[in-house]
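Take a look at the letters that make up each chain.
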Amino acid sequence: MHSPCLPPAMEPADLIWRDGVPESTRFGDVYFSRDNGLAETRYVFIGHNQLPERFQQVPDTGHFVIAETGFGTGLNFLAAWAEWLKQRPADDNAILHFVSVERFPLRRQDLEKALSYWPELSPLATELIEHYPPLIKGTHRLVLAGGRVRLTLYFGDVLDAWKDLTFFADAWFLDGFAPSLNPDMWLDDAIGLITSHSKPGTTLATFTAVGRVRRSLAEAGFEIAKVPGFGRKREMLAGIYAPGNTTNQEARTGTVAVIGAGIAGTLLARNLAERGVQVLLLDKAPHAGSAASGNPQGALYVKLGVEYNAQTELAATALSFSQRFYRPWQNRFWHPTGLLQLATDDQEADRQRRFCERNEYPDNLLEPVDAIRASELAGIPVDTGGLWFPGSGWLEPAKACQQLAEHPLIETRFSYQVVNLLPCNNQWCIRNHSGEDCRADAVIIAGGHESPALVPVAGQLRLKAIRGQVTELPEANFNLPQTVICGTKYLNPVQGGSAVTGATFDLKDETPYPTPAGHQENLDELKRILPSVTKESVPDPDQLQGRVAFRCTTHDYQPVAGHMRDTEGNHLNDLYLLTGLGSKGLVWAPLLAEYLADVISGQPHCLPAPLSKRLETGRLYRT
Ligand code: SAM
């Protein structure tokens, strides 16, 4: 019996193992052949899609997209990744995209066991397992091999995946279980959707030669051939979509300007540069990370909704992506200490109780803890329980921005205050306060609350600035935790003798410097949620250090990332907006930068359409 899960948990694969080969109890079929599954993958999927030759032909800043039905153990993915590394020079910028769907994902320990069968794939398997997402419904982008390989893993049903995802495949791996045991994967509907993600010259290969599948594929527009199968299998199918019309992929060239060197702008600049794009990063300040991203410490925190709706899915996707994304930056500016979201009053305790009743999250993403466990985790006494996020932590945002901006393909221009954006000869002219121009083929405005002044459209954008003041607590006067603590305020672990707490949320205050009243508010609220925080003597608020910055929020408190539109809904050519991240920029920015870089470079999107729609710029106009 399989017990149903509450959202967003996915029902995991139920396996039995025979001679080291995993078999699905649900479908009664093996994940890979007993007669050398890796050799079969290479023969059926890699060979019959002519991948070795086609991989070599991808231009340096181009990409190649494989789409697969049924991720299973990831063997096909690893084999394709290994082939990509074999065919491509070590220093190129081309990207292998692999888009796959899985309705019953393997648990991490099963994935480890299944992949241990293939010692020659071991380094790649280790990297995949490290990045394997929590088993929650939705779309997970894994950035692997330093960005040269990108896996878009949709946890859900195949029909939903092909309806929701945006991509065009160069090659298909059709790899459900046998059609007689797994009919859903091979329905005409599923095959119809495959064609909607195919283009002239897209190839496919599948281990099956069943007549019904062959006819469906042929009716959908593939020219299909029966060819000899692997090992003892007599036949398999290989095909090509709309043959004869093949177009060569044009690699994108040109310069992209990013205005604003905060966390959103620097992450986007870095993401594009790592894809081989020449980037111009502009900011009016003398260095990166000077405004809202300039705090010495910031928590990787997002509050997940009680209902698992699209808004919660977007937030959970961003949180899990950011935790994977920052991993390589550990100890440079990322500190994965874990994070406690305390139930600091009755209302929040009730909210967390309803959250836990209605949802099921894997405990590698979050788990409820009582006050005793919370105190052990925090390393200081905590009066209430809450939710524990083991993969979260805190960042040094200013340092992050500065380090991210350092890349050979990023040219920085600081103290460059943009005053005007003008279309000129199919480019954008970016004029500064002294009347100097620089040009770019595309522009992304990531200027936080100053973005509206830069957008060259009529009509008011519903973006506003909200003042936030943080306070630095000296270690000598406060008991500081070893994890991040969040409630109505947050508190970071100690760094360099103090820890940052905050922030105020001042809707109508424009004071640009810290005030004693702001420090007092931060202290009072922190003492309420964490009474053990103070030692005997607490400094006067006017003795405390702090910092003020202005967050940019939208009318609906959801971020914006996408093509800039005018009030009529038309796209402005090659102009994009990335802002409105509010106080959750550290969580939102990695995923939204990845998404915008996908859009700008014409690569498969890391977000499904129902979620990316929520980010659109057009909603900023009052209707
Ligand atoms: N390609 C995999 C590998 O390299 O290990 C093997 C795939 S296995 C033969 C087929 C996979 O399809 C299983 O993991 C199964 O759970 C998945 N699957 C079956 N029906 C599905 C559906 N309707 N939607 C999404 N995935 C499905």
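Note that the structure is a prediction, hence the values are computed from the model and not measured. (Residues numbered from 1 in each chain as written. Predicted model: local features only at pLDDT ≥ 70, side-chain atom pairs only at ≥ 80, totals over all residues. Heavy atoms only, no water.)

(A) Broad picture of the overall build of the chain. A tally of regular secondary structure across the chain gives 17 helices and 31 strands. Radius of gyration (C-alpha) of the chain: 26 Å, near the 25 Å computed for a compact globule of 623 residues. Over its C-alpha atoms, taken along the principal directions, the chain stretches across nearly 85 × 65 × 45 Å. Residues counted as buried form 58% of the 623 residues belonging to the chain. Relative to all contacts within the chain whose residues are 6 or more apart in sequence, the contacts with residues 24 or more apart total 72%. Summed over all atoms, the accessible surface of the chain reaches about 24700 Å², with 48% contributed by carbon and sulfur. (Helix = DSSP H or I, 4+ residues; strand = E, 2+ residues; numbered from the N terminus. Rg over C-alpha atoms; globule rule 2.2 N^0.38 Å. Buried < 20%, exposed > 50% of the residue type's maximum accessible area, 1.4 Å probe, protein only. Contact = heavy atoms within 4.5 Å. Areas by Shrake-Rupley, 256 points an atom, 1.4 Å probe, with all protein chains shown as cover.)

(B) How the structure looks around the packing of helix H1 (residues 37-47) against helix H3 (residues 75-87). Look at H1 against H3: their axes get within 10 Å of each other, and the N-to-C directions meet at 70 degrees. In terms of orientation, H1 and H3 fall into the roughly perpendicular class. Crossing of H1 against H3: the hand is right-handed. Counting all contacts with H1, which are made through Gly37, Leu38, Thr41, Phe45 and Ile46, the residues of H3 involved are Leu75, Asn76, Ala79, Ala80 and Glu83. Here the residues of the contact of H1 with H3 are counted per class, giving 6 nonpolar, 3 polar and 1 charged. (Axes fitted to C-alpha atoms, helices over the stretch in contact; angles between N-to-C directions. Parallel < 35°, antiparallel > 145°, perpendicular 65-115°, else oblique. Left-handed = near helix turned anticlockwise from the far one by under 90°. Nonpolar A, V, L, I, M, F, W, Y, C, P; charged D, E, K, R; others polar.)

(C) Quick peek at the UniProt feature "domain: FAD dependent oxidoreductase" (unreviewed entry) in the chain. The positions UniProt marks with the feature "domain: FAD dependent oxidoreductase" (unreviewed entry) are residues 256-598. The distance separating the terminal C-alpha atoms of residues 256-598 is 13 Å; by composition the span is 26% helix and 29% strand. (UniProt positions renumbered as here; feature names shortened; annotations may be inferred.)

(D) Structural context of the state of the cysteines. According to the stated counting rule, one finds 1 disulfide in the structure shown. In this model Cys424 forms its disulfide with Cys429; the gap between the sulfur atoms is 2.4 Å. The S-S bond linking Cys424 to Cys429 shows a torsion near 110 degrees; that makes this disulfide right-handed. Exposure class is identical for Cys424 and Cys429. Each is buried. (Disulfide = S-S within 2.5 Å.)

(E) Expanded view of the domain arrangement of the chain. Partitioning the chain into domains gives domain 1 (15-241), domain 2 (255-292 + 398-462 + 556-620) and domain 3 (339-390 + 464-554). Between the C-alpha centres of domain 2 and domain 3 there is a distance of 30 Å. Counting residues at the interface gives 17 residues for domain 2 and 11 residues for domain 3. Carbon and sulfur atoms make up 58% of the area that domain 2 and domain 3 hide from each other, which totals about 1100 Å². Three residues stand out in domain 2 for area buried against domain 3, namely His449, Tyr557 and Gly582, and they jointly supply 47% of the buried area on that side. Run the count over domain 2 and domain 3 and you get 0 salt bridges. Taken together, the connections running from domain 2 to domain 3 amount to 7 residue pairs in polar contact (both at pLDDT 80 or more). The residue makeup of the side of domain 2 that touches domain 3, split by class, is 6 nonpolar, 8 polar and 3 charged. (Domains from an automatic or database assignment. Buried area = accessible area lost by both parts, 1.4 Å probe. Salt bridge = Lys/Arg side-chain N within 4 Å of Asp/Glu carboxyl O. Polar contact = N/O pair within 3.5 Å; in protein donor to acceptor, adjacent residues only side chain to side chain.)

(F) View of helix H5 (residues 122-131). Within the sequence span of H5, burial applies to Leu124, Ala125, Leu128, Ile129 and His131. Considering only its buried residues, H5 is in contact with H3, helix H4 (108-115), strand S6 (138-144), strand S7 (149-155) and helix H10 (310-326).

(G) Summary view of the nonpolar core. In this structure, Phe77, Trp162 and Trp172 are the most contacted members of the largest nonpolar core, which totals 81 residues. Residue contributions to this core peak at 7 residues, all from H3. Counting 75 residues, the second-largest nonpolar core is a separate cluster that includes Tyr301, Val306, Phe321 and Val500. (Core = buried A, V, L, I, M, F, W, Y, C linked by side-chain atoms within 4.5 Å.)

(H) How the structure looks around H10. Counted at 1.5 Å a residue, the expected span for H10 with its 17 residues is 24 Å, and the 24 Å between its end C-alpha atoms agrees. Of all 17 residues making up H10, 14 are buried, and the element is well covered by its neighbours. (Expected span 1.5 Å × (residues − 1).)

(I) Expanded view of the site of the ligand. In the vicinity of the ligand, 22 residues are found, and the nearest of them are Gly70, Thr73, Glu102, Asp157 and Asp175. Here Asn76 contributes a backbone N or O atom positioned 2.9 Å from an oxygen atom of the ligand. At 3.1 Å from a nitrogen atom of the ligand is found a side-chain nitrogen or oxygen belonging to Asn182. About the coverage of the ligand: the protein hides 98% of its 600 Å² of free accessible area. (Near = heavy atom within 4 Å.)

(J) Here's a closer look at the pattern of salt bridges. Under the criterion given, the structure shown has 34 salt bridges. The partner of Lys137 in a salt bridge is Glu313, with the nearest N and O atoms 3.2 Å apart. Residue Lys137 is located in the loop between H5 and S6, and its partner Glu313 is located in helix H10; the two are separated by 176 residues in the primary sequence. Judged by relative accessible area, Lys137 falls into the partly exposed class, the value being 37%. When its relative accessible area of 10% is taken as the criterion, Glu313 is described as buried. Measuring nitrogen to oxygen at the nearest pair gives 2.7 Å for the salt bridge that ties Asp437 to Arg431.

(K) Seen up close, empty space enclosed by the protein. Throughout the structure, instances matching the rule amount to 1 cavity of 30 Å³ or more. There is about 40 Å³ of room inside the largest cavity. Within the lining of the largest cavity, the residues separate by chemical class into 5 nonpolar, 2 polar and no charged. (1 Å grid on protein atoms, 1.4 Å probe; cavity = no way out; pocket = protein on both sides within 12 Å on 5 of 7 lines; lining within 4 Å. Points joined across faces, edges and corners; volume = space filled by probe spheres on them.)

(L) Up close: the layout of surface pockets. Counted as a void, the second largest pocket has a volume near 790 Å³. Taken together, 44 residues line the second largest pocket, and the ones lying closest to its centre are Val30, Tyr31, Asp175, Gly176 and Phe177. Only strand S3 (29-30), H1, H3 and strand S5 (95-102) provide two or more residues apiece to the lining of the second largest pocket. Looking at the lining of the second largest pocket element by element, the count peaks at 5 residues for H1. Each residue belonging to the lining of the second largest pocket can be placed in one class, and the counts come to 18 nonpolar, 12 polar and 14 charged.

(M) Representation of the packing of H3 against H5. For the pair H3 and H5, interaxial distance at closest approach is 10 Å and the crossing angle is 120 degrees. Comparing the axis directions of H3 and H5 gives the class oblique. Note that H3 runs across H5; the crossing there is right-handed. Contacts between H3 and H5 pair Phe77, Leu78, Trp81, Ala82 and Leu85 from the former with Leu124, Ala125, Glu127 and Leu128 from the latter. Among the residues forming the contact of H3 with H5, the class breakdown is 8 nonpolar, no polar and 1 charged.

(N) Seen up close, the pairing of strand S25 (residues 463-474). Sheet analysis places S25 next to strand S29 (residues 545-554), joined by 10 bridges and oriented antiparallel. Looking at S29, one finds that Lys464 is bridged to Thr553. With 4 bridges connecting them, S25 and strand S28 (residues 498-502) associate as antiparallel partners. Bridge assignment links Pro474 to a residue of S28, and that residue is Ser498. (Pairing = 2+ DSSP bridges.)

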